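Examination of the molecular architecture
Each chain, written out:
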Amino acid sequence: MASRRLPTPAVGAAAPVSLSDETVGQRARHAPHVHARPRAARMRGLHPRRSFRAALPPAHFRSWNHHAVDPGTSTNPRPAGGGRLRPPAPIGPRRRRACREIPDGWRRLRASRLCWAQRGMAGGGGFCAFWQRAAGPREQRLLELLSYGLVALGAVSALLLRFIPMPYGRYSSRRFGWLLPARPAWLLQELPALLVPLALAACIPVWRLPNAVLLGCFILHYVHRALIFPFLIRQGKPTPFFTFLLALLFCIYNGYLQGRSLSTYAEYPSDWLKHPCFIAGFMGWLIGMAINIHSDHILRNLRKPGETGYKIPRGGMFEYVSGANFFGEILEWFGFALACCTTESLAFALCTLFILGSRAKQHHQWYLEKFEDYPKNRKIVIPFVY
């Protein structure tokens, strides 16, 4: 069989070796990262080319599972401690196409960076990253404890209000700090209950429809209370700083509690919006909010321009209870709790009942002492019951 000589090596190199065609083919097949050269290339005496696998960067061979592999088990270039190698593609055009594809590691890295970029654009990278790290069983347990604390706070407040009138509105006094103008005080104290849930919601890349609807109900209420109601106040009584501070802290507390629960932890079936609990609760929320807004409208229009003093409210739910606006808000949040079916929403409803029920009782007693002709058949806050 005819033999062929390899190209003459440089000075100082090993002497040339005569190899047969068969020997050259076998060595080319078993040499790492070297393709078997075509006959024409061997005839021209070209140096062997490195394979496509050898030309790829180390990230191509890195596994996202980070399984340790002995570097000595393969001659492929990769950093120490690299992961499993992708199985080699067959020699030929398919191998070249496989090497031109985006490696799995790069594809996953690009998707991960895109996801974090979207989250960063949604709510600020640092802020959202903090809440992503905080999510877990420990925070879920914290929300549960905060719910119990909210109920206890409402019960203690109801007990204290039996002896100390709420320093707000007609009961306002300088004993509880310097007095703040009614409109800016109301706006600032209610605003955290709107902004905190919105900030938490901005960090959620994908929303489930039931969660979005329920959190939207909560946010819609505070859009009215923080951005609309303050500008409808007519000659409101100044607010003591102590009362303003308590209301501000409560709105931060409850805004975090409801916003975090509904945006991160509450889970509902896909057909929850058709469930009887949601339908009944949503109707209660809607009717309660309508009663609350209508009752506030009646109270604002008791006095004509230029008039002073207090009058007996009439019309709407005031024909049945002294605290019609309080009744509407209590009904609203109990309907919200039924629609949500969460511990956090139930705690908020109970706290609302304790606090507003005590305030309604104060109003009822004040009306009875102030007006001799006040209707005796009116209840305090719950029609026909209390």
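The notes below deal with the structure included here. Just so it is clear, the structure is predicted and the values come from calculations on it, not from any experiment.

**Considerations on unusual backbone geometry**
Positioned with a positive phi, cysteine 341 is a non-glycine residue whose angle comes to about 55°. Look at cysteine 341 and you get partly exposed, because its relative accessible area is 47%. Phi is positive for phenylalanine 384, close to 65°, though the residue is something other than glycine. Its place among the elements puts phenylalanine 384 in the segment after α14 (343-370). Exposure remark for phenylalanine 384: the relative accessible area of 68% places this residue in the exposed category.

**Some details on the packing of helix α7 (residues 137-160) against helix α11 (residues 241-265)**
One can describe the packing of α7 onto α11 by two numbers: an axis separation of 11 Å at closest approach and a directional angle of 140°. On the basis of the axis angle, α7 is oblique to α11. The chirality of how α7 crosses α11 is left-handed. Within the contact between the two elements, α7 uses Glu139, Gln140, Leu142, Leu143, Leu146, Ser147, Gly149, Leu150 and Leu153 and α11 uses Phe250, Tyr253, Asn254, Tyr256, Leu257, Arg260, Ser261 and Tyr265.

**Re the packing of aromatic side chains**
What the rule picks out here adds up to 23 aromatic pairs. A centroid spacing of 5.1 Å and a plane angle of 50° characterise the contact between phenylalanine 218 and tyrosine 222, whose relative ring orientation is tilted. Of the two residues, phenylalanine 218 and tyrosine 222 both sit in helix α10 (residues 209-228), 4 residues apart, roughly one turn of that helix. Taking the relative accessible area as the measure of exposure, phenylalanine 218 reaches 0% and is therefore buried. Of the residues examined, tyrosine 222 reaches a relative accessible area of 5% and is grouped as buried. A network of ring pairs unites the aromatic residues Phe218, Tyr222, Phe250, Trp333, Phe336 and Phe348 as a single cluster. The ring of phenylalanine 229 carries arginine 225 above its face, with NZ or CZ at 4.7 Å from the centroid.

**Brief notes about a nonpolar patch on the surface**
There is a patch of nonpolar side chains on the surface, built from Tyr320, Ile382, Phe384, Val385 and Tyr386 and spanning about 540 Å² of accessible area. Tracing the backbone shows isoleucine 382 in the segment after α14. A relative accessible area of 33% means that isoleucine 382 is categorised as partly exposed.

**Some points on the packing of helix α8 (residues 182-190) against α11**
The interhelical angle for the contact between α8 and α11, taken along N-to-C directions, is 25°, at an axis separation of 8 Å. The angle between α8 and α11 places the two elements in the roughly parallel class. Between α8, through Ala185, Leu188, Gln189 and Glu190, and α11, the contact on the second element is made entirely by Phe244, Ala247, Leu248 and Cys251. Residue composition of the contact of α8 with α11, by class: 6 nonpolar, 1 polar and 1 charged.

**Describing the state of the cysteines**
Counted under the stated rule, the structure contains 1 disulfide. Paired by a disulfide, cysteine 128 and cysteine 203 hold their sulfur atoms 2.2 Å apart. Its S-S torsion of approximately -75° makes the covalent link between cysteine 128 and cysteine 203 left-handed. Taken together, the positions of cysteine 128 in helix α6 (residues 125-134) and cysteine 203 in the loop between α9 (192-201) and α10 put the pair 75 residues apart, joining distant regions of the chain. What makes cysteine 128 buried here is its relative accessible area of 2%.

Procedures and definitions
Residues numbered from 1 in each chain as written. Predicted model: local features only at pLDDT ≥ 70, side-chain atom pairs only at ≥ 80, totals over all residues. Heavy atoms only, no water. Buried < 20%, exposed > 50% of the residue type's maximum accessible area, 1.4 Å probe, protein only. Helix = DSSP H or I, 4+ residues; strand = E, 2+ residues; numbered from the N terminus. Axes fitted to C-alpha atoms, helices over the stretch in contact; angles between N-to-C directions. Parallel < 35°, antiparallel > 145°, perpendicular 65-115°, else oblique. Left-handed = near helix turned anticlockwise from the far one by under 90°. Contact = heavy atoms within 4.5 Å. Phe/Tyr/Trp six-rings, centres within 6.5 Å; stacked < 30°, edge-to-face > 60°. Lys NZ or Arg CZ within 6 Å of the ring centre and 35° of its normal. Patch = residues over 30% accessible without salt bridge, like charges linked within 9 Å, V, L, I, M, F, W, Y side chains within 5 Å. Areas by Shrake-Rupley, 256 points an atom, 1.4 Å probe, with all protein chains shown as cover. Salt bridge = Lys/Arg side-chain N within 4 Å of Asp/Glu carboxyl O. Nonpolar A, V, L, I, M, F, W, Y, C, P; charged D, E, K, R; others polar. Disulfide = S-S within 2.5 Å.

On their own, these measurements won't tell you what the molecule is for.
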